[in-house]
Amino acid sequence: MAGGTYTLVLERSEDATIEVGALGRRQFPAGWYAYTGSALGSGGFGRIDRHRAVAAGENDTRHWHVDYLLGDPATTVDTVVTTEADVECAVAGRIADPTADGFGGVTGFGCSDCDCPTHLTYHERRDVLLASVERAHEAAAAD
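From a predicted model like this one, the values you see are computed outputs, not experimental measurements.

A. Quick look at helix α3 (residues 88-95). Among the residues of α3, E88, V91, A92 and I95 are the ones counted as buried. End-on view of α3: buried residues confined to an arc of 95 degrees, all on one side of the axis. At its buried positions, α3 is contacted by β1 (4-12), β4 (31-39), β7 (120-123) and α4 (126-142).

B. The state of the cysteines, seen in detail. Tallied over the full model, the rule gives 0 disulfides. A disulfide-free cysteine, C89 has its sulfur positioned 3.5 Å from the sulfur of C116, the nearest such atom. Taking the relative accessible area as the measure of exposure, C89 reaches 34% and is therefore partly exposed. Cysteine C111 remains unbridged, with the sulfur of C114 as its closest cysteine sulfur at 4.9 Å. Take C111: its relative accessible area is 5%, and that puts it in the buried class.

C. Representation of the pattern of salt bridges in the model. Evaluation of the coordinates by the stated rule reveals 5 salt bridges. The salt bridge partner of R126 is D78, with a shortest N-O separation of 2.7 Å. Separated by 48 residues along the polypeptide, R126 in helix α4 and D78 in strand β5 (residues 75-83) bring together distant segments of the chain.

Basis of the calculations
Residues numbered from 1 in each chain as written. Predicted model: local features only at pLDDT ≥ 70, side-chain atom pairs only at ≥ 80, totals over all residues. Heavy atoms only, no water. Buried < 20%, exposed > 50% of the residue type's maximum accessible area, 1.4 Å probe, protein only. Helix = DSSP H or I, 4+ residues; strand = E, 2+ residues; numbered from the N terminus. Arc of directions from axis to C-beta. Contact = heavy atoms within 4.5 Å. Disulfide = S-S within 2.5 Å. Salt bridge = Lys/Arg side-chain N within 4 Å of Asp/Glu carboxyl O.

The following block contains the structure:
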């Protein structure tokens, strides 16, 4: 398989309100975010390179919700976790535990083509969020 599912772990260095295409203006506090997407087309995981180019200011095209977040200078890509399987929604759903302290999400973000509440999860601590991302990928791949 040339692609699969990926999660970008992003850091926001400051609070901001960002216009996110059709979603409109959304609040993004400083902290850590996990965005889960699909890389199943002909470009496969090459989509991650495109996301890095948007975050670096080398690509101004905005196709997806995450492009608006990545295009803000206070957002950087910290790490990427991948799984060579079509498990995008399963991973996104496992990352966030709405009952757990510190987790949050942006309703409707990155999930306009599915029934998930969001594909973007927030936590103020990198270690907690990254551990959740890694567990979600492992569990979804094992299903």
